[in-house]
Amino acid sequence: MTDAMTLDSYLAAGGVLTNPTNVPPRYRAELMKLMATFVDSELAGAAGFADVINQGPGIKERIAAAKIVLEKTDHADRVLKIMGEFGADTDRYATHHPWTARLDRKADIGATRSEHDMRLAVFNYPISGWTDAVVMNLLMSLAVAEQLAEFSTVSYQPLAEAFRQIAPIEAHHGELALEGAVKLVENGESQDMQDAVDYWWPRVAVSFGRDDPKRFEHLRSLGLRHSTNAALRERWARSADKALNRLGLKSPS
């Protein structure tokens, strides 16, 4: 970055930052919000999925579920370490919190976040059994794939690199979910799976959030966003619909 170029114009032109030094307050605030949302969602997701490990129908399924819980927790830790470089109290952040807390199954909070943390709203809902867990994991893994593709291009280089390393592992979680879903279909669980799709589809869809053009342009100028929420949601819907069709299931939209 030259002396004649302001930080704003540098970022708007596709420039990247590599350390917390001289990061302006508004950039730091947006970056911390992005990281907190990811970390909280990974920790809450891992905690919720841990509760159904022993409901897996076989040893292989339980190992896969445990692996997902371990890797999601590790992903949270990777990003939390970057937050620590910006001054976040990482020890208290991760341990002093009810990550297993959930709302009633029938609750409908839209995109509202918990008052306790920054987890996506979808992680406030409880998982009801193994079939429900597999369907939720399948739909959410496809959503995470779109979100990570977006976040892997953020202008804070250490975070972008972390997301690029995390993305293929999260994609494998989706592959494990699809593998488990195929077995459920073979075992005659299609109706329960469709019920789970009808429950989780709208809740995963709203996790992309609403579009605020002014806010999007602000984030885009900082190099923290490139695609709108609507664009990400549409891409997810196409990939999720394709996966459901393969299973003989239908999206409710």
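If you're wondering where the values come from, they're calculated on a predicted model, not measured in any experiment.

J.: Before we move on, could you go through the overall build of the protein and cite the residues and values that matter?
T.: Along its length, the protein carries 9 helices and 0 strands. Computed over its C-alpha atoms, the radius of gyration of the protein comes to 19 Å, within 12% of the 18 Å expected for a compact globule of 253 residues. With the C-alpha coordinates aligned to their principal axes, the bounding extent of the protein is approximately 65 × 35 × 30 Å. The buried share of the protein, taken over its 253 residues, is 49%. In the protein, once contacts between residues fewer than 6 apart in sequence are set aside, the share between residues at least 24 apart is 72%. Per element, the accessible surface of the protein, about 12,400 Å² overall, is 54% carbon and sulfur. Each charge class in the protein was averaged separately, 29 positive and 34 negative side chains, and the resulting centres sit 2 Å apart.

J.: Describe in detail helix α7 (residues 190-205), supporting the description with residues and values.
T.: In a regular helix each residue adds 1.5 Å, so 16 residues correspond to 22 Å; α7 covers 21 Å between its end C-alpha atoms and thus fits that length. Within α7, the axis deviates most sharply at Y199, by approximately 25 degrees, and proline P202 lies no more than four positions further along. On its buried face, α7 is in contact with α5 (129-151), α6 (157-186) and α9 (229-246).

J.: Lay out the packing of helix α2 (residues 25-50) against α6 in plain terms, naming residues and giving numbers.
T.: Their axes nearest at 13 Å, the elements α2 and α6 cross at an angle of 25 degrees. Relative to α6, α2 is oriented roughly parallel. Of the two elements, α2 crosses α6, and the hand of that crossing is left-handed. Each of L31, L34, M35, F38 and E42 in α2 lies in contact with α6, whose residues at this interface are L159, F163, I166 and E170. Within the contact of α2 with α6, the residues separate by chemical class into 7 nonpolar, no polar and 2 charged.

J.: With reference to specific residues and values, describe α2.
T.: Taking 1.5 Å per residue, 26 residues should reach 38 Å; α2 reaches 37 Å between its end C-alpha atoms and fits that length. α2 sits mainly inside the fold: 20 of its 26 residues count as buried.

J.: Account for the side chain of K72, naming residues and giving values.
T.: Within the fold, K72 resides in helix α3 (residues 59-85). The contact partners of K72, leaving out residues within four places of it in the chain, are E42, A46, E170 and H173.

J.: Could you give an account of the environment of E30, with specific residues and numbers?
T.: Its location among the elements puts E30 in helix α2. You can call E30 buried: its relative accessible area is 14%. With 167 residues separating them along the chain, E30 and V197 place their C-alpha atoms 33 Å apart. Once residues within four sequence positions are removed from consideration, E30 is found in contact with R215, H218, L219, L222 and L224.

Rules used in this analysis
- Residues numbered from 1 in each chain as written.
- Predicted model: local features only at pLDDT ≥ 70, side-chain atom pairs only at ≥ 80, totals over all residues.
- Heavy atoms only, no water.
- Helix = DSSP H or I, 4+ residues; strand = E, 2+ residues; numbered from the N terminus.
- Rg over C-alpha atoms; globule rule 2.2 N^0.38 Å.
- Buried < 20%, exposed > 50% of the residue type's maximum accessible area, 1.4 Å probe, protein only.
- Contact = heavy atoms within 4.5 Å.
- Areas by Shrake-Rupley, 256 points an atom, 1.4 Å probe, with all protein chains shown as cover.
- Lys, Arg positive; Asp, Glu negative; His and termini not counted.
- Charge placed at Lys NZ, Arg CZ, Asp CG, Glu CD.
- Expected span 1.5 Å × (residues − 1).
- Bend = angle between axes of the 7 residues up to and from the residue.
- Axes fitted to C-alpha atoms, helices over the stretch in contact; angles between N-to-C directions.
- Parallel < 35°, antiparallel > 145°, perpendicular 65-115°, else oblique.
- Left-handed = near helix turned anticlockwise from the far one by under 90°.
- Nonpolar A, V, L, I, M, F, W, Y, C, P; charged D, E, K, R; others polar.

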